[in-house]
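# Structural description and commentary
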Amino acid sequence: MITRSLLKLIAKIASIVLYILTIFSGFGGKFNPEFFTIPAIMTLIFPLLVILTLIVSICWLISRKFITGGLGLLALFLTMSSIRMAVPIGFPEKAPENAVTFKILTFNSLHFDDISQPDSEEQRAIHFLMESGADIICLQELKTFFEDWEMKKDVPPALLDSLWKIYPYRATHDGFNDLKVLSKYPVKFIKPLSSQVSFTPSFAAFRTDIKGNKLIVVDVHLTSYNLTQKEQNVVTDVKSVNSAKSSVKEFKQSIYAKMKESFRNRSVVADEIIETVKDVNCPIIICGDFNDVPASWTYRKFIDAGFKDAYSMTSFGPTPTFNKHLFLFHLDQILFRGNLLPLRSGRLNLDTSDHYPVEAEFAFVKDPSD
């Protein structure tokens, strides 16, 4: 028979294990995943562990178990720098008086298929873009500007005409890729690509001018985990001890190797992007599908290179941008550098793709040294 004291002991041990995992995952993004892959994988679930640690700590404190509860708070304190990235406490800002503002939206469009309403002929995603109010739209997983051979559903010419009326400027780079930009302002591709890890280029840089303010926009689609449907079902298929054992075996045999390779590839491309823009002296936005989360190794590379995260500065709490299976990760980022002030940001709830759109509004600000 399990006594009350034994239950308390088990609860305390479980809590300590949770705290240790939280600390481990909080620092996981500091280790090169090519050599230490498990910490990188743990970083993916860091926001969940933070929330659980906070809840468990509060419960212990309410129960007047101050040491056990205090240890949880200590774990959160030790990982605070990562918490600011992955579980931010940010608030919207007001634009300075007379400042020029603009809205940018990034969306992994999945070729404008509609996975939530596959039988619908409404072209919900295109209508969404038209009504978004964004000044610049960065798209991933769109190989053409809505040509028939790519679209699973016909796009009425009148609908495209309406879209082009709102976004008269469109750009892509000179190679075969899935990165496209729609803009209300003139936009031009400026960077030939030489991605070392993919036949399809993983990023493209564009120049635009918004009411006399120069801006460089880098649209990115970093390497995915390339998991098969069966591999993606590993988590959701765990319904018993036997299925859990099968899932662990599947993870060891194929998933782990794929994740390790994807972490490495994203790190290589991140270095290439940072090298590409290091000498740019006007404001820069890097946005798109990073296939990696805040506080990860790749994300930290951009932060260390002087970029800031619009979401972490203006939004509250963790927000998944990927919505397939149980992989509720924040994979789509909007980073910036230069004389820009993020005013607000957020995830938009269009569910046609396996990614949600993400938007941010910025104001151009003067350099204090000017």
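The structure we're discussing is the one just above.
Description of the structure in this document. (Residues numbered from 1 in each chain as written. Predicted model: local features only at pLDDT ≥ 70, side-chain atom pairs only at ≥ 80, totals over all residues. Heavy atoms only, no water.)

This part is about the environment of Val87. Take Val87: it is sitting in the loop between helix 5 (80-86) and strand 1 (101-108). Look at Val87 and you get buried, because its relative accessible area is 13%. In the structure, Val87 is positioned 225 residues away from Ser312 in sequence and 7.7 Å away in space, judged by C-alpha atoms. (Helix = DSSP H or I, 4+ residues; strand = E, 2+ residues; numbered from the N terminus. Buried < 20%, exposed > 50% of the residue type's maximum accessible area, 1.4 Å probe, protein only.)

Once that is clear, we can look at helix 3 (residues 46-62). Taking 1.5 Å per residue as the helical rise, helix 3 with its 17 residues ought to reach 24 Å, and the 24 Å between its terminal C-alpha atoms agrees with that figure. Inspection of helix 3 places Phe46, Pro47, Leu49, Val50, Thr53, Ser57 and Trp60 among the buried residues, and these make up the whole buried set. Mapping the buried residues of helix 3 onto a view down its axis gives an arc of 155°, with all of them on the same face. On its buried face, helix 3 is in contact with helix 1 (4-26), helix 2 (37-43), helix 4 (66-78) and helix 5. Of the residues flanking the end of helix 3, it is Arg64, one or two places downstream, whose phi is positive at about 65°. (Expected span 1.5 Å × (residues − 1). Arc of directions from axis to C-beta. Contact = heavy atoms within 4.5 Å.)

Here we come to unusual backbone geometry. Positive phi values are uncommon outside glycine, yet Glu141 reaches one of about 55°. Mapped onto the elements, Glu141 comes out in the loop between strand 2 (136-140) and helix 7 (157-166). Despite not being glycine, Phe146 has its phi angle at roughly 70°, a positive value. Topologically, Phe146 is positioned in the loop between strand 2 and helix 7. Residue Phe146 is classed as buried on the basis of its relative accessible area, which comes to 3%.

Now for the pairing of strand 10 (residues 332-337). Burial analysis of strand 10 places six of its six residues in the buried class, the great majority of the element. Of the two faces of strand 10, the one lined by Asp332, Ile334 and Phe336 and the one lined by Gln333, Leu335 and Arg337 are each fully buried. Two strands pair when backbone bridges link them, and strand 8 (residues 284-289) and strand 10 are joined in this way by six bridges, in the antiparallel orientation. Directly across from Asp289, in strand 10, lies its bridge partner Asp332. Where strand 9 (residues 308-309) lies against strand 10, two bridges are found, and the strand directions are antiparallel. Following the sheet pairing, Lys308 is matched in strand 10 by Phe336. (Pairing = 2+ DSSP bridges.)

This brings us to the sheet that holds strand 6 (residues 203-210). Read from one edge of the open sheet, six strands run 5-6-7-8-10-9, paired in mixed fashion. Each edge of the sheet is formed by a strand with only one pairing partner; in this case those strands are strand 5 (187-189) and strand 9. Its contacts with the sheet put helix 10 (residues 297-304) on strand 8, strand 9 and strand 10, and the angle it makes with strand 10 is roughly 15°. (Axes fitted to C-alpha atoms, helices over the stretch in contact; angles between N-to-C directions.)

Attention now goes to the nonpolar core. In this structure, Phe102, Ile104, Leu215, Ile285, Ile334 and Phe362 are the most contacted members of the largest nonpolar core, which totals 25 residues. Looking at which element gives the most residues to this core, the answer is strand 12 (residues 358-364), with four residues. The residues touching Phe102, leaving out its near neighbours within four places in the chain, are Asp135, Ile210, Leu215, Ile285, Leu340, Ala360, Glu361, Phe362 and Phe364. (Core = buried A, V, L, I, M, F, W, Y, C linked by side-chain atoms within 4.5 Å.)

In terms of residue burial, strand 4 (residues 179-183) counts as a mostly covered element, since five of its five residues are buried. Both faces of strand 4 are covered, namely the face carrying Leu179, Val181 and Ser183 and the face carrying Lys180 and Leu182. Where strand 2 lies against strand 4, five bridges are found, and the strand directions are antiparallel. What sits directly across from Gln140, in strand 4, is Leu179. Pairing of strand 3 (residues 169-171) with strand 4 involves three bridges; the strand directions are antiparallel. Opposite Tyr169, over in strand 4, you have Ser183 as the bridge partner.

Within this structure, the stated rule accounts for 12 aromatic pairs. With a centroid separation of 6.0 Å and an interplanar angle of 70°, the aromatic rings of Phe31 and Phe36 are classed as edge-to-face. Accessibility expressed as a relative area gives 37% for Phe31, which makes it partly exposed. Each ring, one from Phe102 and one from Phe364, has its centre 5.2 Å from the other, and the planes form 35°; the classification is tilted. Of the two residues, Phe102 is situated in strand 1 and Phe364 in strand 12; the sequence distance between them amounts to 262 residues. Phe364 shares its class with Phe102; the two are buried. A network of ring pairs unites the aromatic residues Phe107, Phe112, Phe145, Phe146 and Trp164 as a single cluster. Between the NZ or CZ atom of Lys180 and the centre of the ring of Phe145, over which it lies, the distance is 5.8 Å. Directly above the aromatic system of Tyr356 lies the positively charged group of Arg347, at a separation of 4.3 Å from the ring centroid. (Phe/Tyr/Trp six-rings, centres within 6.5 Å; stacked < 30°, edge-to-face > 60°. Lys NZ or Arg CZ within 6 Å of the ring centre and 35° of its normal.)

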